Amino acid sequence: MGRNIVILLGHPGAGKGTQARAIMYRLDIPQISTGDMLREAIARKTANGKEAKAKMDAGELVSDALVNGIVAERISHDDCKKGFILDGYPRTVPQAETFSKELSNDDNLFVIEIGAQSDGLTNRLTGRWICPGCGEIYNTYSRAPKKEGVCDVCGWTLFHRSDDREDLVRERFRTYNEETFPLVDYYQKQGVYYRVDGMRPIEEVTREILTLIDKKKVLIPAGRGGNEEFAKRRRH
Ligand code: AMP
């Protein structure tokens, strides 16, 4: 049986992390967040972390080679055999091209853009507080924890991402529009692209994504996608 591979696209703050967690629990496949892996590498002061730090501090993308390497390694683990959710990868067309070589004939690929207007997202980021223990996400403006700075679920001290600062948020939106948005066209041409409205309540967005995955199992041909044979298969 092929793997269910879900790629989540969307502006910073659109809800990729939140939705990835919901899908992970429902489909029992892991969430792979390149941002989380890079932040961990920085905290552990590894060579990858040292290379990534300056770019991340500036709200820019780290090199394709670095992220392609960490994703290829991560998806080779046993827990990815049934599939996985990519949250924050690919983020450039060259990354998508490299990733397409990891796909096999019977994989089900879903690329879901969580649509949101960037002007409605700034507060979601500048007010965001994350639990390092269980990953729960809070927001000062819309979903404050019962006790300030403490996770309701597991009691850990919450942290605020250093790049969730207004000036860096603007830079990250710009980076998304210039470097990541072209992936919409890239995956649309392959017939594996879907869009959901991410400005609705979290549970509604989750329900729509899960229904989509359930009803539209899409077959990707020969690990490449995007060709005539593929279009024909979808019509039948
Ligand atoms: P995120 O947690 O997904 O918002 O990512 C935080 C930061 O990590 C981004 O602003 C980039 O600097 C870096 N990053 C995460 N994923 C990628 C990727 N696929 N390609 C390049 N840089 C990335």
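Residues numbered from 1 in each chain as written. Predicted model: local features only at pLDDT ≥ 70, side-chain atom pairs only at ≥ 80, totals over all residues. Heavy atoms only, no water.

Trainee: Tell me about the pairing of strand β1 (residues 4-9), and name the residues and values.
Mentor: Burial runs high along β1: six of the six residues are buried. Burial of the side chains of β1 extends over both faces: N4, V6 and L8 are buried on one face and I5, I7 and L9 on the other. The sheet contact formed by β1 and strand β3 (residues 83-87) spans five bridges and is parallel. Among the inter-strand pairings, V6 is bridged to a residue of β3, identified as I85. Relative to strand β4 (residues 108-115), β1 is paired through six bridges, and the arrangement is parallel. Pairing of N4 across the sheet is with N108, part of β4. (Buried < 20%, exposed > 50% of the residue type's maximum accessible area, 1.4 Å probe, protein only. Helix = DSSP H or I, 4+ residues; strand = E, 2+ residues; numbered from the N terminus. Pairing = 2+ DSSP bridges.)

Trainee: Account for the site of the ligand, naming residues and giving values.
Mentor: Taken together, 16 residues lie near the ligand, and T34, R39, E60, G88 and Q95 sit nearest. Within the backbone of E60, a nitrogen or oxygen atom sits 2.5 Å from an oxygen atom of the ligand. Between V62 and the ligand, the recorded distance is 3.1 Å, taken from a backbone N or O atom to a nitrogen atom. In isolation the ligand exposes 480 Å². Once the protein is present, 96% of that is buried. (Near = heavy atom within 4 Å. Polar contact = N/O pair within 3.5 Å; in protein donor to acceptor, adjacent residues only side chain to side chain. Areas by Shrake-Rupley, 256 points an atom, 1.4 Å probe, with all protein chains shown as cover.)

Trainee: Tell me what's going on with the sheet that holds β1, and back it up with residues and numbers.
Mentor: Pairing is parallel across the open sheet formed by five strands, whose spatial order is β2-β3-β1-β4-β7. Bordering the open sheet on either side are β2 (31-33) and β7 (193-197), each of which pairs with just one other strand. Within this sheet the neighbouring strands show an average axis-to-axis angle of 25°, counted without direction. Sheet analysis places β4 next to β7, joined by five bridges and oriented parallel. Across the sheet, I112 pairs through a bridge with Y194, a residue of β7. (Axes fitted to C-alpha atoms, helices over the stretch in contact; angles between N-to-C directions.)

Trainee: Lay out the packing of aromatic side chains with the relevant residues and their values.
Mentor: Within a pair of aromatic rings, the relevant descriptors are the distance that separates the centres and the angle that separates the planes. Inspection of every chain in the model, using the stated rule, returns three aromatic pairs. Each ring, one from F84 and one from F99, has its centre 6.4 Å from the other, and the planes form 80°; the classification is edge-to-face. Of this pair, F84 sits in strand β3 while F99 sits in helix α5 (residues 93-100), and the two are 15 residues apart along the sequence. The pair F84 / F99 is uniform in exposure class, with both members buried. Each ring, one from Y186 and one from Y187, has its centre 4.9 Å from the other, and the planes form 85°; the classification is edge-to-face. The pair formed by Y186 and Y187 is uniform in burial state, with each residue classed as buried. These aromatic residues form a ring-pair network of at least three members: F84, Y89 and F99. (Phe/Tyr/Trp six-rings, centres within 6.5 Å; stacked < 30°, edge-to-face > 60°.)

Trainee: Which residues make up the nonpolar core, and what are the values?
Mentor: By size, the foremost hydrophobic cluster in this structure holds 29 residues, and its most contacted members are F99 and Y187. Put simply, the parts of the chain that give this core at least two residues each are β1, α3 (47-57), α4 (64-74), β3, α5, β4 and α8 (182-188). The residues contacting F99, other than those within four sequence positions of it, are I5, I7, I75, F84, L86 and Y89. Membership of the second largest hydrophobic core comes to 23 residues, among which are V6, M24, V205 and L210. (Core = buried A, V, L, I, M, F, W, Y, C linked by side-chain atoms within 4.5 Å. Contact = heavy atoms within 4.5 Å.)

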